[in-house]
Amino acid sequence: MVTFLAGGTGTPKLLHGAAATFPPADTPVVANTGDDVELAGHLVCPDLDTQLFADAGELDTETWWGLADETTETHDALHEFAERAGLGTDPRYLDAEAQTSGRRLARWRRFSGVGEFMLIGDRDRAVHLTRTGRLDGGDTLTEATAVLREALGVERTILPMSDDPVATIIHTPDGEQHFQEWWVANGGEPAVEEVEFRGADEAEPTPEVVDALAEPVVIGPSNPVTSLGPMLAMESFREALGSTPVVAVSPFVGDEVFSGPAGKLMAATGREPSTAGVASVYEFADAFVLDAEDDTDLARPTVRTDTTLDTPEDSARVARAVERALGEVT
């Protein structure tokens, strides 16, 4: 068995065509939950859902977000009502008292549904409502995710990194913003002063995650700061990675990032925005998979290939490189 760590689109893209090398039944995924938000009272888990939808064969692979062939009637109506009432569609982060009341799992990430700043499709919304209903009925997030796996016919075990609340908060000159507000609503603006993983000091990985981390681990080409950072901020999670073989796929080619805000966030948190910077974040990693055009010398076992992940054939190629890298350290 090999366990994959997922955040954003990197690992779902890597696994999209990798079944011949890493069969889903033998490759659990531990997903970041720092990006989760509670929107209009229902819990949205973007990284869990991207992997769930990908394994169900229902992901919108044009956007790598939400379900394919989706409608947005409820979202559109929310915007219509907000416009009629003169309320706008900017994010409405609830006040400090509301952030720590109610459902514990949603602490520090509660937004009003007025104007709905994130695009939520109609069927996608049904997933969030089902999850939230299970949580309110007493399920942990791990248990609620298992219910959704079964409903979607997903063979792969998909685990949230923790059943405790951890929220990724971006500190800017204009004040604090949840990551989704900063990235989705504001397009990665303004400048980043600090990235905080609020709640991580008290959070723990679940027993299921601890068991999964006892196996060899692969870190996909995800954002080291906001996709992996919430996991690594839990001390016991990081310690577990120090006790098992770990292979990481760089999201950079030298100092060029494939996509997303990884470069900006790496620089803002004092890390070199490059493959070398990724290696400094992942000091526990035993081997790396780098792009063939990346000449970074990491002084650790390194396998090179074309790390583009645009097609299932690309995924299969990179998966074979990951398998070779695992062979160097297991």
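Not measured: the values here are computed from a predicted model.

**A word on the packing of helix α2 (residues 46-55) against helix α6 (residues 141-152)**
At step 1: For the pair α2 and α6, the least separation of the axes is 10 Å and the interaxial angle reads 25°. Classified by the angle between their axes, α2 and α6 sit roughly parallel to one another. By crossing handedness, the relation of α2 to α6 is classed as right-handed. In contact with Leu48, Leu52 and Phe53 of α2, α6 contributes Leu141, Thr145, Leu148, Arg149 and Leu152.
At step 2: For the contact of α2 with α6, the per-class residue count stands at six nonpolar, one polar and one charged.

**Examining the pairing of strand β11 (residues 246-249)**
At step 1: Here β11 shows no split at all, with Val246 and Ala248 on one side and Val247 and Val249 on the other all buried.
At step 2: When β11 meets strand β14 (residues 287-291), the two strands line up parallel, connected through three bridges. Bridge pairing links Val247 to Ala287 in β14.

**With respect to the sheet that holds strand β4 (residues 42-44)**
At step 1: Overall, mixed pairing links the three strands, which are arranged β4-β3-β5 in an open sheet. Looking at strand neighbours, the two that pair on one side only are β4 and β5 (110-111), the edges of this open sheet.
At step 2: Pairing of strand β3 (residues 37-39) with β5, which is carried by two bridges, proceeds in the parallel orientation. Pairing of Glu38 across the sheet is with Arg110, part of β5.

**What about the environment of Gly133?**
At step 1: Relative to the helices and strands, Gly133 is located in helix α5 (residues 122-136).
At step 2: On the basis of relative accessibility, which here comes to 41%, the residue Gly133 falls in the partly exposed class.
At step 3: Spatially, the C-alpha atom of Gly133 lies 13 Å from that of Glu38, the residues being 95 residues apart in sequence.

**Let's talk about unusual backbone geometry**
At step 1: The step from Glu189 to Pro190 runs through a cis peptide bond, and the omega angle for that step is 0°.
At step 2: The residue Pro190 is located in the loop between α7 (179-185) and β9 (194-198) in this model.
At step 3: Positive phi, normally seen in glycine, also occurs at Trp64, with a value near 55°.
At step 4: Structurally, Trp64 is set in the loop between α2 and α3 (73-84).
At step 5: Classification of Trp64 as buried rests on a relative accessible area of 12%.
At step 6: Residue Ala299 is not a glycine yet carries a positive backbone phi of 55°.
At step 7: Tracing the sequence through the fold places Ala299 in the loop between β14 and β15 (302-305).

**A look at the layout of surface pockets**
At step 1: Considering only enclosed or pocket space, the largest pocket measures out at about 780 Å³ in volume.
At step 2: Lining the largest pocket are 34 residues, and of these Gly8, Thr9, Trp183, Ser259 and Gly260 sit closest to its centre.
At step 3: Counting residues per element, the lining of the largest pocket draws most heavily on α7, which supplies four residues.
At step 4: For the lining of the largest pocket, the class distribution of residues is 15 nonpolar, 15 polar and four charged.
At step 5: Taken as a whole, the second largest pocket encloses approximately 190 Å³ of empty space.
At step 6: Taken together, Val195, Phe197, Pro224, Val225, Gly229, Leu232, Ala233, Arg238, Thr269, Arg271 and Val281 form the lining of the second largest pocket.
At step 7: If you list the elements that add at least two residues to the lining of the second largest pocket, you get β9 and α9 (229-232).

**A look at α3**
At step 1: Here α3 is twelve residues long and its end C-alpha atoms lie 16 Å apart, about the 16 Å a rise of 1.5 Å per residue gives.
At step 2: In the segment just after α3, Gly86 is the residue with positive phi, at about 70°.

**Structural notes on the pairing of strand β7 (residues 167-172)**
At step 1: Of all the six residues making up β7, six are buried; the element is thus mostly covered by neighbouring parts of the structure.
At step 2: Burial along β7 is two-sided: Ala167, Ile169 and His171 facing one way and Thr168, Ile170 and Thr172 facing the other are all buried.
At step 3: Pairing of β7 with β9, which is carried by five bridges, proceeds in the antiparallel orientation. Residue Ile169 lies in a different strand from β9, and its bridge partner there is Glu196.
At step 4: In the sheet, β7 pairs with strand β8 (residues 175-178) via four bridges, with the strands oriented antiparallel. Looking at β8, one finds that Ile170 is bridged to Gln177.
At step 5: Hairpin geometry of β7 and β8 is characterised by an intervening segment of two residues between the two adjacent antiparallel strands.

Definitions and cut-offs
- Residues numbered from 1 in each chain as written.
- Predicted model: local features only at pLDDT ≥ 70, side-chain atom pairs only at ≥ 80, totals over all residues.
- Heavy atoms only, no water.
- Axes fitted to C-alpha atoms, helices over the stretch in contact; angles between N-to-C directions.
- Helix = DSSP H or I, 4+ residues; strand = E, 2+ residues; numbered from the N terminus.
- Parallel < 35°, antiparallel > 145°, perpendicular 65-115°, else oblique.
- Left-handed = near helix turned anticlockwise from the far one by under 90°.
- Contact = heavy atoms within 4.5 Å.
- Nonpolar A, V, L, I, M, F, W, Y, C, P; charged D, E, K, R; others polar.
- Buried < 20%, exposed > 50% of the residue type's maximum accessible area, 1.4 Å probe, protein only.
- Pairing = 2+ DSSP bridges.
- 1 Å grid on protein atoms, 1.4 Å probe; cavity = no way out; pocket = protein on both sides within 12 Å on 5 of 7 lines; lining within 4 Å.
- Points joined across faces, edges and corners; volume = space filled by probe spheres on them.
- Expected span 1.5 Å × (residues − 1).

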